[in-house]
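Structural overview
Read off the chains here:
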Amino acid sequence: MKLTALGSTCIAMAAMLAFEGAHAQPGNDDLDLVCTGTGEKVQSQTDYSWDRKSHEYKDHTTVGKGQVSGTVQVQIHDGQGRMRVPKSLLPPLVTGSDDGWFAIRNLSVRPDRIDGSIKLNGLNKPNISIDRRSGTLRIDGMESFDGTCSAYNAGATKF
């Protein structure tokens, strides 16, 4: 079978459109997630005890990990992402927040996984990993958080 130049051009264009249509699914990477779980954060605690030698109370500060629970929100739209972290998980000094939302840096959205990081302050930039198959979220840095995510639809009702 012999193809003309016009016929082969039409076939090539149809193939390109079919290929683009298969990969360009609008809204496929647009996500609103709510993730509930628990985490750990560095906390300091000051205790007072009686010093028998000086006959006064002395303070003793200890640093350790404290358990927190809460909800993380994740929004990904048009290739940009942002995350709201529970206030109980935030360090005392926070920079770069937009009304409690932190931009997800180095965002990578793949069919099975979402990765990136957020900047809480100059020294604290935890990594983020979401397994799209199991729905598990992991925030790993000075503060850590493990949660289970579900899709959030603001217009939908539960019952």
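Presented here is a report on the structure given in the accompanying data block. By convention here, each chain's residues receive numbers from 1 onward along its written sequence. Note on the predicted model: pLDDT of at least 70 is required for a residue's local features to be given, and 80 or more for side-chain atom pairs to be given and counted; whole-chain, interface and lining totals, by contrast, use all residues. To get the side-chain values, all heavy atoms of the structure are used, and hydrogens and water are removed first.

With that out of the way, let us pick up the side chain of Asn-121. Helix and strand definitions here come from DSSP, where helices need a minimum of 4 consecutive H or I residues and strands a minimum of 2 consecutive E residues; each element is numbered from the N-terminal end. Examined against the element boundaries, Asn-121 turns out to sit in the loop between β6 (113-117) and β7 (127-131). Buried, partly exposed and exposed residues are distinguished by accessible area as a fraction of the type maximum, computed with a 1.4 Å probe on protein chains only: under 20%, between the cut-offs, and over 50%, respectively. Classification of Asn-121 by relative accessible area gives buried; the value is 11%. Looking at Asn-121, its side chain comes within polar contact range of the main-chain nitrogen of Leu-123, at 3.0 Å. Identification of polar contacts relies on pairs of N or O atoms within 3.5 Å, with a donor-acceptor requirement for protein atoms, meaning one able to donate a hydrogen and the other able to accept it, and with residues adjacent in sequence counted only if both atoms are side-chain atoms.

Time to look at the nonpolar core. Residues belong to a common nonpolar core when they are buried Ala, Val, Leu, Ile, Met, Phe, Trp, Tyr or Cys residues joined through side-chain atoms within 4.5 Å. Val-72, Val-74, Met-83, Ile-118 and Leu-137 are the most contacted members of the largest nonpolar core, which has 22 residues in total. Elements with a contribution of two residues or more to this core: β1 (31-51), β2 (56-77), β7, β8 (136-140) and β9 (144-151). Of all the elements, β2 adds the most residues to this core, at four residues. If we ignore the near neighbours within four places in the chain, the residues touching Ile-118 are Met-83, Val-85, Phe-102, Ala-103, Ile-104, Arg-105, Asn-124, Lys-125, Pro-126 and Ile-128. Should any heavy atoms of two residues lie within 4.5 Å, those residues are considered in contact.

Another point: the packing of aromatic side chains. Each pair of aromatic rings taken from Phe, Tyr and Trp, with Trp reduced to its six-membered ring, is defined by centres within 6.5 Å and is described as stacked if the planes are under 30 degrees apart, edge-to-face if over 60, and tilted in the remaining cases. What the rule picks out here adds up to one aromatic pair. Considering the side-chain rings of Trp-50 and Tyr-57, the 5.1 Å spacing of their centres and the 75° angle between planes classify their relative orientation as edge-to-face. Among the residues examined, Trp-50 registers a relative accessible area of 46% and is labelled partly exposed. Owing to a relative accessible area of 59%, Tyr-57 belongs among the exposed residues under this scheme.

Two strands pair under a simple rule: DSSP has to find at least two bridges between them. Taken together, nine strands build an open sheet; the order of strands is β4-β3-β2-β1-β9-β8-β7-β6-β5 and the sheet is antiparallel. Edge positions in the sheet fall to β4 (101-103) and β5 (105-109), since each of these pairs with one other strand and no more. Taken over all neighbouring pairs, the strand axes of this sheet differ in orientation by 20° on average, direction set aside. Between the N-to-C directions of two axes lies an angle of 0 to 180 degrees, each axis being a line fitted to C-alpha atoms and, for a helix, fitted only over the stretch in contact.

This next bit is on the pairing of β8. Of the two faces of β8, only one is covered, namely that formed by Leu-137 and Ile-139; the face formed by Thr-136, Arg-138 and Asp-140 stays uncovered. The turn joining β7 and β8, which pair antiparallel and follow one another in sequence, is formed by four residues; a positive phi near 80° is taken by Gly-135. Of the strand pairs in this sheet, β8 and β9 are connected by five bridges, and their pairing is antiparallel. Residue pairing for β9: Thr-136 is matched across the bridge by Thr-148.

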